[in-house]
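An overview of the molecular structure
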Amino acid sequence: MAVLPFRPTRFFENKNRAFWNLQLAGWGGAFTLRAVSGFAGGQELSFFAVILIEAITGLSISLILSTVFRQLMDQKPVVTWVSTAAVLAIAVVIFAFIQTWVIDLTRPENSGFGTLFIGYSIYPLTLLGAWSALYYAINFFLQVEEQADRLERLEAQATGAQLAMLRYQLNPHFLFNTLNSISTLVLLKQTEPANAMLTRLSSFLRHTLVTEPGGKTTLRQEIDTIKLYLDIERMRFEERLRTEFDIEEEASKACLPSMLLQPLVENAIKYAVSPQMEGAKITLRANRSGDRLRIVVSDSGPGLQGSSPRKVRGDAPGTGGTVSTGVGLPNIRDRLAQAYGEEHLFEIRSPTDGGFAVLIEIPYEREREDTPEPAKQA
């Protein structure tokens, strides 16, 4: 969602203080400007008393206007603008009357009161008109800014909830397979392997509980979690499950959404290792390429059986030509879209000589100090 291009400013963090700062600066500036002009024109001392009273009068009337305008802003637009024009007209008349009365007292040699009143109405009309326009403009800006911030917070909450939902889809699927294997070992009275699998499972789940659902972790920590998962699966498949990790040092420090790669490995076990008597080899490679992190998870299984390479980019909503192999791939695609928008690449490859590979490219982000500790085996 596009958000309006501004953020809360420090000046308006305290609206009451900002209002008084603007009031004093505005009316003080008007007085100073008139005083400098009068001093340059050689005006008498009484002139400075008159403009001081003008400034105090303007400040007082504007305080009343601010109270009235605050109530009018909640009304229908027609009511707001008609009422504002009427209130502003009354305020100009009062301002001009006080100004004329003061000048008439200090300079009795001037023209009649009516003539002075008409002549001096232009100044308060300009001043209060500009003040009213500025008042509405600032309050409109603050209202729009507040609404934009509220929408952004709601979107962030919705995104976090969706990321949590996407990640938690993985746990029941994985737990079903693991608990089923443990149950089989118990039925076969192989208590030692069953206990070892439960220990590894507890370590793996401890990490998933500590990690924030919508948070990020380093690739190094993600690999440690994957190795915990592979230790569990290796007890099921033994020599049929072979693995290789080729992780560049710079790439291992990069951040990525937590539990992003585990479903790819799970996918490889399900579709490459499990159906083949000889098993398969799962390879995970990662390297940094400029400002991008490049990750490839591949296996030596049957692949997509002749399907051509498919791409899913950040600017391609929906599944498009993606070959769905269950929860894992659509889940990862959606999480990448949520986290990076158009700044990611998700490519599925199936070489002609067999096998299956998934390429992920995301912006390179360095490890942060507050990143959770790596998962450790119990």
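Note that the coordinates shown come from a computational prediction; the quantities given were computed from them, not determined experimentally.

**So, the overall build of the chain**
Within the chain, the regular secondary structure consists of eleven helices and eight strands. Within the chain, buried positions represent 39% of all 378 residues. When contacts within the chain are restricted to residue pairs at least 6 apart in sequence, long-range pairs at least 24 apart make up 75% of them. Carbon and sulfur atoms provide 60% of the accessible area of the chain, an area that totals close to 20,700 Å².

**Comments concerning the packing of aromatic side chains**
The tally for this structure, following the rule as stated, stands at seven aromatic pairs. Taken together, a centroid distance of 6.2 Å and an interplanar angle of 85 degrees make the contact between Tyr135 and Tyr136 edge-to-face. Judged on exposure class, the residue Tyr135 and its partner Tyr136 are both buried. By way of ring pairs, the aromatic residues Phe69, Trp81, Trp131, Tyr135 and Tyr136 are connected into one cluster.

**Focus: the pattern of salt bridges**
Taken as a whole and assessed by the stated rule, the structure comprises twelve salt bridges. The shortest N-O distance in the salt bridge between Arg34 and Glu54 comes to 3.0 Å. Of this pair, Arg34 sits in helix H1 (residues 15-40) while Glu54 is found in helix H2 (residues 45-72), placing the two residues 20 residues apart along the sequence. On the basis of relative accessibility, which here comes to 26%, the residue Arg34 falls in the partly exposed class. Owing to a relative accessible area of 4%, Glu54 belongs among the buried residues under this scheme. In this structure, Lys216 engages Glu365 in a salt bridge whose closest nitrogen and oxygen atoms are separated by 3.0 Å. Separated by 149 residues along the polypeptide, Lys216 in strand S1 (residues 216-218) and Glu365 in the segment after strand S8 (356-363) bring together distant segments of the chain. In this structure, a network of salt bridges that share partners links the residues Glu244, Asp246, Lys281 and Arg285.

**Quick look at a nonpolar patch on the surface**
Taken together, the side chains of Phe97, Trp101 and Leu105 define a hydrophobic patch exposed on the protein surface, amounting to about 340 Å² of accessible area. Position of Leu105 among the secondary structure elements: in helix H3 (residues 77-106). Overall, Leu105 belongs to the exposed group, its relative accessible area being 54%.

**Section: the nonpolar core**
Residues Leu219, Leu261, Leu264, Ile269, Ile295, Leu336 and Ile360 are the most contacted members of the largest nonpolar core, which totals 46 residues. By residue number, the principal contributor to this core is helix H8 (residues 219-237), which donates eight residues. When sequence neighbours within four positions are dropped, the list of residues in contact with Leu219 reads Ile247, Ala251, Ser252, Ala254, Leu256, Leu261, Ala286 and Ile295. Within the second largest apolar cluster, 13 residues are counted, among which are Leu72, Ala91, Leu128 and Tyr135.

**Comments concerning the pairing of strand S4 (residues 280-289)**
Looking down a regular strand, the side chains alternate between one sheet face and the other. Note that strand S2 (residues 241-247) and S4 share seven bridges and pair parallel. The residue of S4 that forms the bridge with Thr243 is Ile282. Pairing of S4 with strand S5 (residues 292-299) involves eight bridges; the strand directions are antiparallel. Opposite Arg288, over in S5, you have Leu293 as the bridge partner. What sits between S4 and S5 in their antiparallel hairpin is a turn of two residues, with Gly290 showing a positive phi close to 65 degrees.

**A word on unusual backbone geometry**
With glycine set apart, most residues show a phi of negative sign, and most peptide bonds adopt trans. Positive phi values are uncommon outside glycine, yet Lys189 reaches one of about 60 degrees. Checked against the element boundaries, Lys189 lands in the loop between helix H6 (170-187) and helix H7 (191-210). In this structure, Glu238 is a non-glycine residue whose phi angle is positive, near 55 degrees.

**Section: helix H10 (residues 262-273)**
For H10, the tally of buried residues reaches ten of twelve residues, placing the bulk of the element in the interior. Residues of H10 that are buried include every one of Gln262, Pro263, Leu264, Val265, Glu266, Asn267, Ala268, Ile269, Ala272 and Val273, and no others.

**Overview of the environment of Thr178**
With respect to the helices and strands, Thr178 occurs in helix H6. The class of Thr178 is buried, set by a relative accessible area of 1%. Here the alpha-carbon distance between Thr178 and Glu233, two residues 55 residues apart in the chain, equals 7.7 Å. Once residues lying within four places of it in the same chain are set aside, the contact partners of Thr178 are Met197, Leu201 and Ile232.

**Notes on the packing of H1 against H2**
The contact between H1 and H2 brings their axes to 10 Å, and the two run at 155 degrees. Considering the angle they form, H1 stands roughly antiparallel to H2. In this structure, the crossing between H1 and H2 has a hand that is right-handed. Residues Phe19, Trp20, Gln23, Trp27, Phe31, Arg34, Ala35, Gly38 and Phe39 of H1 form the contact with H2, whose participating residues are Phe47, Phe48, Ile51, Leu52, Glu54, Ala55, Gly58, Leu59, Ser62, Leu63 and Ser66. Its residues assigned to classes, the contact of H1 with H2 comprises 13 nonpolar, five polar and two charged.

Thresholds applied
Residues numbered from 1 in each chain as written. Predicted model: local features only at pLDDT ≥ 70, side-chain atom pairs only at ≥ 80, totals over all residues. Heavy atoms only, no water. Helix = DSSP H or I, 4+ residues; strand = E, 2+ residues; numbered from the N terminus. Buried < 20%, exposed > 50% of the residue type's maximum accessible area, 1.4 Å probe, protein only. Contact = heavy atoms within 4.5 Å. Areas by Shrake-Rupley, 256 points an atom, 1.4 Å probe, with all protein chains shown as cover. Phe/Tyr/Trp six-rings, centres within 6.5 Å; stacked < 30°, edge-to-face > 60°. Salt bridge = Lys/Arg side-chain N within 4 Å of Asp/Glu carboxyl O. Patch = residues over 30% accessible without salt bridge, like charges linked within 9 Å, V, L, I, M, F, W, Y side chains within 5 Å. Core = buried A, V, L, I, M, F, W, Y, C linked by side-chain atoms within 4.5 Å. Pairing = 2+ DSSP bridges. Axes fitted to C-alpha atoms, helices over the stretch in contact; angles between N-to-C directions. Parallel < 35°, antiparallel > 145°, perpendicular 65-115°, else oblique. Left-handed = near helix turned anticlockwise from the far one by under 90°. Nonpolar A, V, L, I, M, F, W, Y, C, P; charged D, E, K, R; others polar.

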